[in-house]
Each structure stands twice: as structure tokens, then as C-alpha cells.
Amino acid sequence: MSLALEGIRILDMTHVQAGPTCSQLLAWLGADVIKFEPPQGDATRGQLRDVPGADSLYFTMLNCNKRSITVNMKSAEGKQVFVDLLQVCDIVMENFGPGVLERLGFGWERIHAINPRIIMGSIKGFGSSGPYAEFKAYENVAQAMGGAMSTTGVPEGPPFVTGAQIGDSGTGLHLAIGLLGALQQRHRTGLGQYVEVAMMDAVMNLCRVKFRDHQRLAHGPLEEYSVPTGALRETPRAGNDSGGGQLGNAIQCKPGGPNDYLYVVVQEAVWGALAQRIGPTLGQPQLHTDPRFATIAERRRNQHAMWALITRFAAGHTKREFMVILNELDVPCGPIMSTADLAEDVHVLGRDMILALDHPQRGTWYNVGMPIKLSASPAQVRRSPLLGEHNAEILREVLGYDTARIAALGEAGALGKTAGN
Ligand SMILES: CC(C)(COP(=O)(O)OP(=O)(O)OC[C@H]1O[C@@H](n2cnc3c(N)ncnc32)[C@H](O)[C@@H]1OP(=O)(O)O)[C@@H](O)C(=O)NCCC(=O)NCCS
């Protein structure tokens, strides 16, 4: 079966998470991704190691379906391998710190001159312009500076990061879209271009609705917020508020463990049915006509009382039981799923979102699957490569080097480790 990006070859210099998450998606779409590593490898191979001597899950979970070549870019021979690869690739991508590639002698102008068709994808913490351009960044730095942290948590507590990796993986997604756009444009122009995504910009894009609320504050308080907003000039932290026009909250359920909550959205259309269902149990059979909750405006004003009533009802049910009750009423809701819940969830397993893979160093392990489902080219997920596993294969098949030339490169120290050769 042919895959969507079959025939597209990517020279992937990315490391850690933000870049690799992008190139893994492109590999799952069918691109031939050559992970171009320094001789010691992507630093994440050894970070948070759980199995001695094996590539860490940090690495294996972000580098599936890639081939690995190790090249010392600080040697003249290594630079030549890089130049040769540039000439036969469609995309080169990197997420080094500011100025790293330029120091190695390969800014965009030079890369474009070497291969005018190649597209270059670049992730930086803050982009290549502006006062922050020289700063390095990691996930939580981007969350801090892109608006996510100031709007996550509760007003009386400190700012919080979110568990979803919006700074790293979120940026990788943005880059993937940019690269696919540039590939499409190249069909018309025959030319590559430089695609840059700053982590801070990507987080701001994901916080768009918080800027909606920031501007609304100029015209009065934010009525749907559960916290007071009247005197504010900036979007506040608002706990588990829905963040949209409909009211929402995480409701504690039986037996009261850390994840025994159901997230419930009291959509305007469902209040009547919900009130009729829970009212009698609460000793309030007329709840659906209670004027405190009769309109969405009243429910916004009295939402703490409404949440207290729903919580009282939920105390008699587990999150799954409460979900069944609410689904019957067409109330949008979802149990708070822990990683343990998700790893065994029938729905998740049925959609190939948790996949068992084999690895020569670590045996069976699990990856989160491909979230983008293409009907004509479903992803076939394969394990991540060992360090330098494909050195000889890439030099021979992609670059046409002969055995003597490959041996000479090894002797010159341009390749580092050559596992699997
Ligand atoms: C993530 C980050 C903070 C890590 O910083 P770091 O570990 O100091 O790594 P850098 O990217 O700055 O530098 C990489 C070094 O490896 C070297 N290197 C990379 N590939 C090489 C190769 N194939 N051969 C030889 N050297 C290589 C570079 O030349 C550079 O060395 P230098 O400092 O002497 O110039 C930084 O890369 C960064 O800010 N990236 C952009 C934002 C980003 O993507 N962050 C999210 C990470 S999930």
C-alpha cells in the first residue's frame, strides 16, 4: 500500500521532543526520515533511562519509523556527508539552540544554494527575530512565555503547567503543517523555502481563546467565569471552567480518589433534562423550574450552587456510572482518565492509540499510536532505530558511497558508532 508522503525524504537533525515529534508524524505519513545524529546520539537516548543500556522511552517514543545515521558535523568529512544528503533530500529540519547551525557553517542561504528545492524546517524557542531570539527554550519555558501558565490553575494558587506537551509536541505539530504547506507550494514553484516555528508563538496560538477573553475584559466582566473578573485587565486562572460559552466543571464522584471526577458540560440544551434527572434524588423534584437556574445567564450567576447540586448527586456514583447516566441525557461529559485507565481502555486499544512494539535492547514496550487516520494509507508503526543502525545502508543506498569510501569515513572518525553495520 502506498503511503501519503511516500517518495519524500527528510534529513532530520532534530533532537529532544519538539522536532522529533514532528518528524515522527511525517514518518508515519510515509516519509523516509533519516535521523542525522551526532556521534554520541540524540541526548534523549540516555535520559530518564528505565532499562540499563537501552535507549530510553523518551527516545523510542518519539523516533519511530526513522533510520539513524551518526555523523560528526565538526569534521570536514562529516560536513561533506551532510552536503551530499542535502542534495538528495526534500526537507531538512532542526531544532538546535540559536546560531548552532550557522556556527557549523550551514545557515539557510547556504542550504538553499546547495539545493534550491530543499525545504528547511526550524524550531526555535522564540524565532529568529526579536529581543528573545537568542534564548534557548524547553517545554515549560514556552508554556510560561506563551500565556499558558498564567491562565492555568486557580487564582489563589501559583501558575501551573499543563501535562499536555503543548510547547514541544504542540510546536512540532505546527511545524508539520508548515512543511506540508511548503511541499505543496514547491509543486508550483520548484523551490524550497524556510519554515520557522517559535515555541512561544505555537503556545500563543493554542491559547487563542485566552486572548479572546483578554479583549472581552475591556467591555465588562466575563460572566461565564466561576471566579470574579470585574476588576481584571488580564485573563485569570479559572480552575476547571470550560473556557467556552457553555458552563463546565470537573465533578467529584465515588469513591473520591484522585481521578474520580467526571468533566461535565452543562450545555444550554441539556439543563432541563439534567435537572429533571438529578432533582428528585436531591429532594428537589422541581429543580428544572428553579428560577436560579432557569436561563443560562442565571446559571452563570449561580454556577457554584449548580455545581454543588450536581456534585451531591455524583457522590452516589462512580465516574463511569455517572457518565452512563449523563450520556443517556445527551449531556457532554468525560471521565478524568489516568494514564493507567488509558493504557487499558477498550476504545483506545481499538483505535490503535496504544501499540505494543518490540525493541532489540528493551523487549516489548508501548507507544502512543498515530492520531491522524488516513483511510488510504494507515500508519504502520515501527520501532525507533538504534544509534547509527543505518549508517552503511544510508551511505550506500542513498548516497551511493562504495565500501572503501565508507571505511575511510569511519577511519577519519566522521561517523562515530556504527551499530548494526
Ligand atoms: C533544546 C536546547 C535547549 C538544547 O540545548 P543544547 O543541549 O545546549 O543543544 P544546542 O542545540 O544548543 O547545541 C547542540 C550542539 O551539538 C552540536 N551538534 C549537533 N549535531 C551535531 C553533529 N551531527 N555533529 C557534531 N556536533 C553536533 C552543535 O554543533 C551544538 O554544539 P555547539 O554548542 O558547540 O554549537 C536547544 O537546542 C534549543 O533551545 N532548541 C530550540 C528550542 C527547542 O526545540 N526546544 C525544545 C526541546 S524539546
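Residues numbered from 1 in each chain as written. Predicted model: local features only at pLDDT ≥ 70, side-chain atom pairs only at ≥ 80, totals over all residues.

A.B. asks: Could you give an account of the overall build of the protein chain, naming the residues involved and the relevant values?
C.D. replies: In terms of helices and strands, the protein chain carries 17 helices and eleven strands. Seen through its C-alpha atoms, the protein chain measures out along the principal axes to roughly 85 × 45 × 40 Å. Relative to its full complement of 421 residues, the protein chain shows a buried share of 36%. (Helix = DSSP H or I, 4+ residues; strand = E, 2+ residues; numbered from the N terminus. Buried ≥ 20, exposed ≤ 12 C-beta atoms within 10 Å, placed from the backbone.)

A.B. asks: Give a description of the site of the ligand that names residues and reports values.
C.D. replies: Every one of the 22 residues lining the ligand counts as a neighbour, but Val 16, Met 73, Asn 95, Gly 97 and Lys 136 are closest to it. Where the shell around the ligand is concerned, the elements lending two or more residues are helix 4 (100-103) and strand 5 (119-124). (Near = placed C-beta within 6 Å.)

A.B. asks: Give me the lowdown on helix 3 (residues 76-86), citing residues and values where you can.
C.D. replies: For helix 3, the complete set of buried residues consists of Gly 78, Val 81, Phe 82 and Leu 85. Buried residues of helix 3, viewed axially, fall in a sector of 100°; they line one side. The inward-facing, buried residues of helix 3 contact strand 1 (9-12) and strand 2 (32-37). (Arc of directions from axis to C-beta. Contact = placed C-beta atoms within 7 Å.)

A.B. asks: Tell me about the domain arrangement of the protein chain, residues and numbers included.
C.D. replies: For the protein chain, the domain assignment lists domain 1 (9-205 + 347-411) and domain 2 (240-252 + 261-335). One C-alpha centre belongs to domain 1, the other to domain 2, and the line joining them spans 44 Å. (Domains from an automatic or database assignment.)

A.B. asks: Just give me the short version of the pairing of strand 5, but keep the residues and values in it.
C.D. replies: Among the six residues of strand 5, six are classified as buried, and the element is accordingly described as predominantly covered. Neither face of strand 5 is exposed, since Ile 119, Gly 121 and Ile 123 on one face and Met 120, Ser 122 and Lys 124 on the opposite face are all buried.

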